[in-house]
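Close look at the chain arrangement
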Amino acid sequence: VANDRVVVRLEPPDSFDPTRSAYKVCSYGGSNIYDESHYFISRSLVLAEDPADALALSKPRMSTGHSASFAKKFLAKVTDGKSKTFGKSKKKKNPWFSAKVTLETQHPVHSVTVTRDTKNKPSKAKKYLDGFEVWVGKKAGEKAVKCGGPFAWSKIKKGPVMTPCAAAKSKHRYVTVILHGTRKTLAFGEIEVH
């Protein structure tokens, strides 16, 4: 309880999709907790990460063939809050994008959310992101702990893909998005790290 408000933290399951899922918040108004007739739905609550709570990203790096200035421009586009201004890599083998998470505390990365670009037609956006993976590591491009993926287009096209990073440790400060394959282009609209 804080400031006369009850604050409840719910841990959603791995399959939770914040753009398509909701939980009912129930209040209990009886004396027998096993009697369901005393529970009533007080409101619906959609669980999603607050974009305002997203961690800052810095020191962007990309796969071979991309300059530091190219990576900085990519980062600026995927953290501006607009999925139409997307970052796009050059066509390479297994292109990846990494950025360092600015953690004010020693808590590890909790989750990563990636949004497809919404400027291109879905058929083009699919080519740029279908099958992507999210990893965390101690340096740029390192695949130390897999957060999730490969993600199928059927999930990507519905909205932001949020993946938990349950096994991440505080030393894993770099988040990497990678698209495996020969002559691939990696492009997405937004990334948020919590």
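Bear in mind that the values here come from a model prediction, so they are computed numbers and not experimental data.

Attention now moves to the overall build of the protein. When helices and strands are counted, the protein shows three helices and 12 strands. A burial count over the protein gives 37% of its 194 residues as buried. The long-range share in the protein, meaning contacts at least 24 apart out of those at least 6 apart in sequence, stands at 71%. Looking at the protein as shown, the accessible area adds up to about 11600 Å², and 51% of this sits on carbon and sulfur atoms.

Attention now goes to the sheet that holds strand β9 (residues 161-164). Strand pairs in the sheet, formed through backbone hydrogen bonds, run parallel or antiparallel to each other. If you trace the three strands from one edge of the open sheet to the other, you get β9-β6-β12, paired in antiparallel fashion. Of all strands in the sheet, those with a lone pairing partner are β9 and β12 (190-193), marking the two edges. Each adjacent strand pair in this sheet contributes to an overall mean axis angle of 15°, direction not counted.

Moving on, we come to the confidence of the model for the protein. For the protein, per-residue confidence averages 81 on the pLDDT scale, and 71% of positions sit at 70 or higher. Low pLDDT, under 50, characterises residues 18-28; the predicted model gives this stretch 36 contacts beyond four residues in sequence or across chains. For the stretch residues 34-49, pLDDT sits under 50, and the model shows 38 contacts to residues farther than four places along the chain or on other chains.

Another point: the nonpolar core. Counting 32 residues, the largest nonpolar core has F97, V112, V114, F132, V175, F188 and I191 as its most contacted members. The element contributing the most residues to this core is helix α1 (residues 68-78), with four residues. Aside from chain neighbours lying at most four places away, what touches F132 is V114, G149, P150, F151, I156, V161, V177, I178 and L179.

Inspection of the secondary structure puts E190 in strand β12. Within the structure, E190 has its side chain in polar contact with the backbone nitrogen of G81 (distance 3.0 Å). Reaching out from E190, the side chain makes a polar contact with the backbone nitrogen of K82 at a distance of 3.1 Å. Not counting the four nearest positions on each side in its chain, E190 is found in contact with K77, V78, T79, D80, G81, K82, S83, T113, V114 and T115.

The rules behind these values
Residue positions within a chain follow its written sequence, with the count starting from 1. Given that this is a predicted model, residues contribute local features only at a pLDDT of at least 70 and side-chain atom pairs are listed and counted only at 80 or more, while totals for whole chains, interfaces and linings are drawn from all residues. For the side-chain quantities, the full set of heavy atoms in the structure was used; hydrogens and water were omitted. Helix and strand assignments follow DSSP, with helices taken as H or I runs no shorter than four residues and strands as E runs no shorter than two, numbered in order from the N terminus. Categorising residues by exposure relies on relative accessible area from a 1.4 Å probe, with only protein chains included: less than 20% of the type maximum marks a residue as buried, more than 50% marks it as exposed, and the intermediate range marks it as partly exposed. We call two residues in contact whenever any of their non-hydrogen atoms come within 4.5 Å of each other. Surface accessibility in these figures is a Shrake-Rupley result with a 1.4 Å probe; residues are shielded only by whichever protein chains are displayed. Two strands form a pair only when DSSP identifies at least two bridges running between them. Note on method: axes are straight lines fitted to C-alpha atoms, helices fitted across the in-contact stretch only, with angles between N-to-C directions ranging 0 to 180 degrees. The pLDDT score gives, residue by residue, the confidence of the prediction method on a 0 to 100 scale. The nonpolar core is taken to be a set of buried Ala, Val, Leu, Ile, Met, Phe, Trp, Tyr and Cys residues, with the residues joined through side-chain atoms within 4.5 Å. Within 3.5 Å is the distance limit for a polar contact, defined as a pair of N or O atoms, with the added protein rule that one can donate a hydrogen and the other accept it, and that residues adjacent in sequence qualify only through two side-chain atoms.

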